[in-house]
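Residues per chain, in single letters:
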Amino acid sequence: MSWETHPVTPDRFEDFADVVNPNRRATHCWCVSHRLRQRDIDELGGGSREQAMRTLCAREDPPGVVTYHDGVPVGWCNIGARAENPRLVHSTVMRPVDDVAVWSIVCVVVRGGHRKQGVTGHLIEGAVAYAASRGAPAVEAYPVDPPGRMDLTMAFVGTKAMFDRAGFTVIGVTDATASQLPRLVMRRTL
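Every value quoted in this text rests on a predicted model; they were computed, and no experiment measured them. (Residues numbered from 1 in each chain as written. Predicted model: local features only at pLDDT ≥ 70, side-chain atom pairs only at ≥ 80, totals over all residues. Heavy atoms only, no water.)

For the pair helix H2 (residues 38-45) and helix H3 (residues 49-57), interaxial distance at closest approach is 8 Å and the crossing angle is 70 degrees. Of the possible angle classes, the one that applies to H2 and H3 is roughly perpendicular. Here Ile-41, Leu-44 and Gly-45 of H2 lie close against H3, whose contacting residues are Arg-49, Gln-51, Ala-52, Thr-55 and Leu-56. (Axes fitted to C-alpha atoms, helices over the stretch in contact; angles between N-to-C directions. Helix = DSSP H or I, 4+ residues; strand = E, 2+ residues; numbered from the N terminus. Parallel < 35°, antiparallel > 145°, perpendicular 65-115°, else oblique. Contact = heavy atoms within 4.5 Å.)

Structure below.
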């Protein structure tokens, strides 16, 4: 069994789409809803979320990574410099903890049919390696710490346990919530 993680460049866009939007629905989030404001989507994609994401994928630092298991795309992680994420830059509920130029993980998706197979660990490690290769001093995530099973409608934010296993530590709490739970600020220094 082999695992690989790669930035979602234009030549890997269809692999990314297979993970986050296998039916290619135009109204689907395309993983830009947590990164871009509507005016940014309009500017980058003419109102099309898919086209906005395609534009982001063509940039020098693509907006995330796709993890492959034996050549099959099985996971997606939206990661990039916090300073280049308009939703985070302008957020009044997820403010920076300090002046470190962190990269932020804002979404984690495991493809249907591949859950509970260790994808998330490989995905997060691949995302951290990608950030490190681009000079990031640290990576942050904003998960929740549910008392029981995670509400799957909000699973994209991840759980504290998921990031604990990946070597992240809690450094704060945001004013944002997911499924009525406060979102933590967890960081891994590179």
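Here we come to helix H1 (residues 13-20). Inspection of H1 places Phe-13, Phe-16, Ala-17, Val-19 and Val-20 among the buried residues, and these make up the whole buried set. The arc that holds the buried residues of H1, viewed along the axis, is 160 degrees, so those residues lie on one side. Considering only its buried residues, H1 is in contact with H3, strand S2 (64-69), strand S3 (72-81) and strand S4 (103-110). (Buried < 20%, exposed > 50% of the residue type's maximum accessible area, 1.4 Å probe, protein only. Arc of directions from axis to C-beta.)

The subject of this paragraph is the pattern of salt bridges. Summed over all chains, the structure comprises eleven salt bridges. Between Arg-24 and Glu-14 there is a salt bridge, and its shortest N-O distance comes to 2.8 Å. With Arg-24 in the loop between H1 and H2 and Glu-14 in helix H1, the pair connects residues that are ten residues apart, well separated along the chain. Owing to a relative accessible area of 30%, Arg-24 belongs among the partly exposed residues under this scheme. Between Arg-37 and Asp-40 there is a salt bridge, with its nearest N and O atoms 3.0 Å apart. A single burial state applies to Arg-37 and to Asp-40, both of which are buried. (Salt bridge = Lys/Arg side-chain N within 4 Å of Asp/Glu carboxyl O.)

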